[in-house]
Every structure is written in C-alpha cells, then in structure tokens.
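Residues per chain, in single letters:
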Amino acid sequence: MTAKNNATGAQALPLNTILAGDCIEAMNSLPAESIDLIFADPPYNLQLKGDLHRPDNSQVDAVDDAWDQFSSFAVYDKFTKDWLAAARRLLKPDGAIWVIGSYHNIFRVGAELQNAGFWILNDVVWRKSNPMPNFRGKRLTNAHETMIWASKEEGGKYTFNYEALKALNEGIQMRSDWVLPICTGHERLKDDKGDKAHPTQKPESLLHRVLVGSTNPGDVVLDPFFGTGTTGAVAKMLGRNYIGIERETAYRTVAEKRLASIRKYDREALQVSTSKRAEPRVPFGQLVERGMLRPGEELYSMNRRHKAKVRADGTLIGDDIKGSIHQVGAHLEGAPSCNGWTYWCFKRDGKTVPIDLLRQQIRAEMAN
C-alpha cells in the first residue's frame, strides 16, 4: 500500500489498496476532494423471481446474491442517494464519475445523479458482442448495459483524452456505442470450486477505454463496488492509482490475488495521443532567440512558390508583406488563414526541413 497526502496534507489516501466494509462509510472516511475519477458498478437490484433455466433445464448462474437485493425501490433509491453524496464529496472540482447499470437500475441512478448536482456528459451504450440469450423467450435479448459519464459540476474542467480515444478507434471519432465482449474464457475469474468468482465481472477492455479516455497517469481512481478488481487491475497497468472498496471477503481475496500479479506498463507505453492544442505553446521567435534560425535566413513555402526572410523579432518579411509566420503565409497564398508551422521550411545542407521540426525539438526538451 502507498499513501498520498491531500492538498492540505491533513490526511493520507490509502492508494493502491482495497478497503473492507460498507462503501458509504469507507468513502466518508476519505479526505474530501481527493479523487480524480470514480468508476461505480453498483448493485443492479435485478428483482429476480425464482430460478432461471436454460432450454436443457440447466440452471443459469444469475445474480441472486444478498448484496443485490433491496426490499423496495424506495430503499434502493435511498442507498443510491447516499453513496452518490459520498462520491460527490470525494471528487476534485475537475473530477468525474462513471456509473454502469442495466435497465433495472440505471434510470433511477441517472435521476439521482442529476438530483445530486452532477452534470451528465454522455450516456454510453456497452453493446455486448456475445450476450447471454433470453432463455424464457418472453423479451428481447438484453444485449447491452448503459454507462453514464458525468462531471462533478456543470462547466467542470474534466479530463477527456479525445485524441487517445480516436486513436483507439482507428482514427475515427469515438462514438457513444461501444461493442465489446463480456468476460469469457481466460479473463473470467473462478473461485476454488471452479465457479464464477463474481456474477457481473466487467471486461478489462471496458475499463481500459474508460481510463484511457478520462484519466491521466498518476490520477487516483476510486471504485466503491470493487468486486474482483477489474478497475484496479486496469488502473495499475495504466499507471493510475486505485482505491477499491469491497465488503465481501470472497471478492476481496480474489481481487488481491489478481492485483498482485499485475505489472504497470513502462513509462513510454503509458503515453497517449494528445491534441495539438494540448501541447506546450512555442513562439516562432524562440527559434530565432535560440539560434535555431538566424535573422536574415530565408524560409520557403512547402509548395516552393514563395519565400520570406526571418527578422530578429521573430516576424517575417516578404516582397510586400511583413508579419507573423501565419500572417505572411496567408497573404502570399491569398487565403483567409494559414498554419505557418506546416507552411514554411528552411534549407540545411541542401535538404528542405519543415520549421515544425524545430518546434517539436523544443517541446521534447520541455517534456523532460
């Protein structure tokens, strides 16, 4: 276990550990505004009536555990209201929360999220590529679950790694419907008897997408319904810190064994694609100040049609125009705007080199 002080230094966070006991009590024991992201997979309150059997009369291992049973909707709503209040207290001002559920509970949870003051960003449909069939044949096959992603406040500056999710999706903007398989085969954890260790174990692929998209390395991720530790396992691999809360001893035992075998990816592998706007700003004049380009040196447009001369103050001068690299490029092309970093190049040893290469060199230095 590692510990981390909160902003006031008054209380340490029990990082990378699993807290035993009631989730609300455990959350209330942690310092306020100390968590970057919460991923919550609360009880579904399935309201199952009797056993469920397959066509061959074998019994389905459905969710019938005591932790998923509530005496009424009112009792479930009170539970939801209380744990969301505890969660909201823990989140940093720029924090966010993901809650996953089925049609049995997600609409009730969504209403309580809004009542508590959270601001819903997206509802994401996890469409299961291999769902369990509807054995009774009286309803449509339930092939999806819904996740709600919400910021702590309206206008909150939550983390969203847009470019990273786009890269995960082969360069196409990530949509709000995710087609991913449920846990099967080697990923499905088993207990000592060979049975499912947890009836609703989530796939690591789902948490990978959530954490890559809405956290950064070093962030603290809390899962108040930790189960067998999928959130913790993915967080550890991705270089995030986790805190799990789980009241069931059997689940904690499985999760602890699982987490002990997880290794963090190396630093280089943890880096993800970022927006150009998120990268440090480098003024063109800095290239001149540092002698990477000299006053009087000529720049050439990438299309070879135009040239301009570098001035000591980081501006350019052309035949009938002077100004920034962007202004001069736009004027020469007769265009309303121009990205001067990709428009201009210079010559070194007979080779044409984009000026953006020099900017990237400076950015690399700033990152070290």
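What counts as what
- Residues numbered from 1 in each chain as written.
- Predicted model: local features only at pLDDT ≥ 70, side-chain atom pairs only at ≥ 80, totals over all residues.
- Heavy atoms only, no water.
- Helix = DSSP H or I, 4+ residues; strand = E, 2+ residues; numbered from the N terminus.
- Buried < 20%, exposed > 50% of the residue type's maximum accessible area, 1.4 Å probe, protein only.
- Contact = heavy atoms within 4.5 Å.
- Areas by Shrake-Rupley, 256 points an atom, 1.4 Å probe, with all protein chains shown as cover.
- Polar contact = N/O pair within 3.5 Å; in protein donor to acceptor, adjacent residues only side chain to side chain.
- Phe/Tyr/Trp six-rings, centres within 6.5 Å; stacked < 30°, edge-to-face > 60°.
- Lys NZ or Arg CZ within 6 Å of the ring centre and 35° of its normal.
- Pairing = 2+ DSSP bridges.
- Axes fitted to C-alpha atoms, helices over the stretch in contact; angles between N-to-C directions.
- Salt bridge = Lys/Arg side-chain N within 4 Å of Asp/Glu carboxyl O.

(A) Fine view of the overall build of the protein chain. Within the protein chain, the secondary structure is distributed over 12 helices and 16 strands. When each of the 368 residues of the protein chain is scored for burial, the buried share is 45%. Across the protein chain, every contact between residues at least 6 apart in sequence was considered, and the portion connecting residues at least 24 apart equals 66%. Approximately 19,800 Å² of the protein chain is accessible, and the part contributed by carbon and sulfur atoms is 49%.

(B) Highlighting the side chain of Asn 241. Summarising the element assignment, Asn 241 is placed in strand S10 (residues 241-246). For Asn 241, a relative accessible area of 17% gives the class buried. In terms of polar contacts, Asn 241 uses its side chain to reach the side chain of Asn 16, at 3.1 Å. With sequence-adjacent residues up to four places away left out, Asn 241 is seen in contact with Leu 15, Asn 16, Gly 218, Asp 219, Val 220 and Val 221.

(C) Up close: the packing of aromatic side chains. On inspection of all chains with the given rule, the structure shows 11 aromatic pairs. Summarising the aromatic geometry, the rings of Trp 98 and Trp 178 are spaced 5.9 Å apart at their centres and angled 45 degrees between planes, so their arrangement reads as tilted. Within this pair, whereas Trp 98 is found in strand S5 (residues 91-101), its partner Trp 178 is found in strand S8 (residues 177-180), the two being separated by 80 residues in sequence. Seen from their ring centres, Phe 160 and Tyr 162 are 6.1 Å apart, and the 70 degrees between their planes marks the pair as edge-to-face. Taking relative accessible area as the criterion, Phe 160 reaches 39% and is therefore assigned partly exposed. The exposure class assigned to Tyr 162 is partly exposed, which follows from its relative accessible area of 30%. Each member of the aromatic cluster is reached from another via a ring pair, and the members are Trp 98, Trp 149, Tyr 158, Phe 160, Tyr 162 and Trp 178. A cation over a ring is seen here: Arg 88 above Phe 118, with NZ or CZ 5.3 Å from the ring centre. The ring of Tyr 300 is capped by Lys 347, whose NZ or CZ atom sits 4.7 Å from the centre of that ring.

(D) Broad picture of the sheet that holds S8. One open sheet accounts for eight strands, arranged S3-S10-S9-S4-S5-S7-S6-S8; its pairing is mixed. Unpaired on one side and paired on the other, strand S3 (17-20) and S8 mark the two borders of the sheet. Strand-to-strand, the axes of this sheet are offset by a mean angle of 20 degrees, without reference to chain direction. Pairing between strand S4 (residues 35-40) and strand S9 (residues 220-223): two bridges, direction parallel.

(E) Focus on the pattern of salt bridges. Counted under the stated rule, the structure contains 15 salt bridges. One salt bridge connects Arg 88 with Glu 153, and the closest N-O pair in it is separated by 3.0 Å. Of this pair, Arg 88 sits in helix H2 (residues 73-90) while Glu 153 is found in the loop between strand S7 (144-151) and helix H4 (162-168), placing the two residues 65 residues apart along the sequence. Glu 153 gets classed as partly exposed once you look at its relative accessible area, which sits at 34%. The partner of Asp 177 in a salt bridge is Arg 175, and the shortest N-O contact between them spans 2.8 Å. A relative accessible area of 33% means that Asp 177 is categorised as partly exposed. Residue class for Arg 175 comes out exposed when judged on its relative accessible area of 57%.

(F) Fine view of the environment of Thr 352. Within the element layout of this structure, Thr 352 appears in strand S16 (residues 351-354). Judged by relative accessible area, Thr 352 falls into the partly exposed class, the value being 33%. Considering only alpha carbons, one finds Thr 352 and Tyr 300, 52 residues apart in sequence, at a separation of 8.7 Å. The contacts of Thr 352, once residues within four sequence positions are left out, are Arg 304, Cys 345, Phe 346 and Lys 347. Within the local environment of Thr 352, its side chain forms a polar contact with the side chain of Arg 304, the two groups lying 3.5 Å apart.

(G) Quick peek at the sheet that holds strand S12 (residues 307-310). The strand order across the open sheet formed by six strands is S14-S13-S12-S11-S15-S16, and the pairing between neighbours is antiparallel. Each edge of the open sheet is held by one strand with a lone partner, namely strand S14 (322-323) and S16. Note that strand S11 (residues 298-301) and strand S15 (residues 344-348) share two bridges and pair antiparallel. Within S15, the position partnered with Ser 301 by the bridge is Trp 344.

(H) Spotlight on the pairing of strand S6 (residues 119-128). With eight bridges joining them, S6 and S7 adopt antiparallel strand pairing. Paired with Asn 122 across the two strands is Trp 149, which belongs to S7.

(I) Structural context of helix H6 (residues 230-237). For H6, the tally of buried residues reaches seven of eight residues, placing the bulk of the element in the interior. Considered for burial, the residues of H6 that qualify are Thr 230, Thr 231, Gly 232, Ala 233, Val 234, Ala 235 and Met 237. Buried residues along H6 sit in contact with S4, helix H5 (204-214), S9, S10, helix H7 (249-260) and helix H8 (267-270). Positioned one or two residues after H6, Gly 239 has a phi angle of 75 degrees, which is positive.

(J) Structural context of H5. The buried fraction of H5 is high, at eight of 11 residues. Taken together, the buried positions of H5 are occupied by Leu 206, Leu 207, Arg 209, Val 210, Leu 211, Val 212, Gly 213 and Ser 214.

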